Amino acid sequence: MSDGGVRDESRALLGLVAYGELAAFSRLAADAQRAPDLAGRIELATLAAVEMDHFRRVRDHLAEGGVDVADAMAPFVERVDRLLRTVAGRDWAEALVATTLGRGLVTDLQTEALESLDGGDADLVREVIADAGHDAFVAERIREACVDPQVHGRLSMWARRLLGEALVAVTEALAEPGLAAALASDGAPAPTGTRSPVLKRLKSAHNKRVAALGL
């Protein structure tokens, strides 16, 4: 239990959710500037605003429990930022793939830990991590780009590279004590090796998401 009366498991997961939303806002805002047309720029800027609203909701929820959002996010900042630097797309199409697949993996990880949360915390996380319309927008734009066979091949390879990079980051995140406790199913920390059931489920969900994008 942390000082503000918020359980360590809740603090860790809500910290990850908060930083995930803040990072998504920053990435979507940056991607909007790279959009090849005004419609794409408007769409991504609108979605960025939604992510910032989600961040504020988590921040305020933590504050009600006496927890500063910066303190809750701190264990995840370096790992998430390093992953984002590693998977930065070379162009707008690659950036779209990286953003949607990265968000999907983080969302899956957050969903894994939901059972450890109390009702109010769990309800907030479910609302915040719900798709804000980004997946449908990205899928449409990727289909348009993949009319060119060379682009399709490049984005397919890019999507598979993202999985490897992301799973390394997730494995590191699982070592964070609060998050490991949140993912424990029987009171024991979730395993962090490559055979972890959590990692297997994340990999399976990622592959399904890639297939849904036509990649």
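Residues numbered from 1 in each chain as written. Predicted model: local features only at pLDDT ≥ 70, side-chain atom pairs only at ≥ 80, totals over all residues. Heavy atoms only, no water.

Along its length, the chain carries nine helices and zero strands. A total of 215 residues make up the chain; the buried ones form 47% of that total. Partitioning the intrachain contacts of the chain with sequence separation of at least 6 by distance along the chain shows that 81% fall at a separation of at least 24. Surface summary for the chain: the accessible area is close to 10300 Å², and the carbon and sulfur share equals 54%. (Helix = DSSP H or I, 4+ residues; strand = E, 2+ residues; numbered from the N terminus. Buried < 20%, exposed > 50% of the residue type's maximum accessible area, 1.4 Å probe, protein only. Contact = heavy atoms within 4.5 Å. Areas by Shrake-Rupley, 256 points an atom, 1.4 Å probe, with all protein chains shown as cover.)

Here helix H2 (residues 38–64) is 27 residues long and its end C-alpha atoms lie 39 Å apart, about the 39 Å a rise of 1.5 Å per residue gives. Listing the buried residues of H2 in full gives Gly-40, Leu-44, Leu-47, Ala-48, Glu-51, Met-52, His-54, Phe-55, Val-58 and Leu-62. Structurally, the start of H2 carries an N-cap: the backbone nitrogen of Ala-39 is 3.3 Å from a side-chain oxygen of Asp-37. Backbone geometry just after H2 places Gly-66 at a positive phi near 85°. (Expected span 1.5 Å × (residues − 1). Polar contact = N/O pair within 3.5 Å; in protein donor to acceptor, adjacent residues only side chain to side chain.)

Moving on, we get to the pattern of salt bridges. Pairing of side chains with opposite charge becomes possible as their charged atoms draw close. In total, this model carries nine salt bridges according to the counting rule given. Overlapping salt bridges, with partners in common, bring together Arg-90, Asp-91, Glu-94 and Arg-154 in one network. (Salt bridge = Lys/Arg side-chain N within 4 Å of Asp/Glu carboxyl O.)

Inspection of the secondary structure puts Ala-98 in helix H4 (residues 92–112). Since its relative accessible area comes to 8%, Ala-98 is described here as buried. A C-alpha to C-alpha distance of 6.5 Å links Ala-98 and Val-87, two positions 11 residues apart in sequence. The residues contacting Ala-98, other than those within four sequence positions of it, are Val-87, Trp-158 and Leu-162.

We now examine helix H6 (residues 134–145). Here H6 spans 16 Å end to end across 12 residues, near enough to the 16 Å set by a 1.5 Å rise per residue. Of all the residues in H6, the buried ones are His-134, Phe-137, Val-138, Ala-139, Arg-141 and Ile-142.

Across all of its chains, the model carries one aromatic pair by this definition. Aromatic side chains Trp-92 and Phe-137 sit 6.4 Å apart centroid to centroid with 75° between the ring planes, which places their arrangement in the edge-to-face category. In this pair, Trp-92 sits in helix H4 while Phe-137 sits in helix H6, placing the two residues 45 residues apart along the sequence. The pair Trp-92 / Phe-137 is uniform in exposure class, with both members buried. (Phe/Tyr/Trp six-rings, centres within 6.5 Å; stacked < 30°, edge-to-face > 60°.)

Orientation of H4 relative to helix H9 (residues 197–212), taken along the N-to-C sense of each, is 145°, at an axis distance of 10 Å. Every pair of crossing elements has a handedness; the one defined by H4 and H9 is right-handed. Residues Thr-100, Leu-101, Gly-104, Leu-105, Asp-108, Leu-109 and Glu-112 of H4 form the contact with H9, whose own contacting residues are Val-198, Arg-201, Leu-202, Ala-205, His-206, Arg-209 and Val-210. Classifying every residue of the contact of H4 with H9 by side-chain character gives seven nonpolar, three polar and four charged. (Axes fitted to C-alpha atoms, helices over the stretch in contact; angles between N-to-C directions. Left-handed = near helix turned anticlockwise from the far one by under 90°. Nonpolar A, V, L, I, M, F, W, Y, C, P; charged D, E, K, R; others polar.)

Secondary-structure assignment places Glu-51 in helix H2. The exposure class assigned to Glu-51 is buried, which follows from its relative accessible area of 3%. Excluding residues within four positions of it along the chain, Glu-51 makes contact with Glu-21, Ala-24, Phe-25, Leu-28 and Arg-103.

Counting through the fold element by element, Arg-90 comes out in the loop between helix H3 (69–86) and H4. According to the relative accessible area criterion, Arg-90 is exposed, its value standing at 64%. A polar contact is formed between the side chain of Arg-90 and the side chain of Glu-94, at a distance of 2.6 Å.

Okay, the nonpolar core next. Formed by 28 residues in total, the largest nonpolar core has its most connected members in Leu-44, Val-97, Leu-101, Ile-142, Leu-155, Leu-162 and Leu-215. When residues of this core are traced back to their parent elements, those giving at least two are helix H1 (8–34), H2, H4, H6 and helix H7 (149–174). Dropping the residues within four chain positions of it, Leu-215 is found in contact with Val-97, Ile-142, Cys-146, His-152, Leu-155, Ser-156, Ala-159, Arg-160 and Val-210. Counting residues in hydrophobic clusters, the runner-up holds 22 residues, among them Met-52, Phe-55, Val-67 and Val-125. (Core = buried A, V, L, I, M, F, W, Y, C linked by side-chain atoms within 4.5 Å.)

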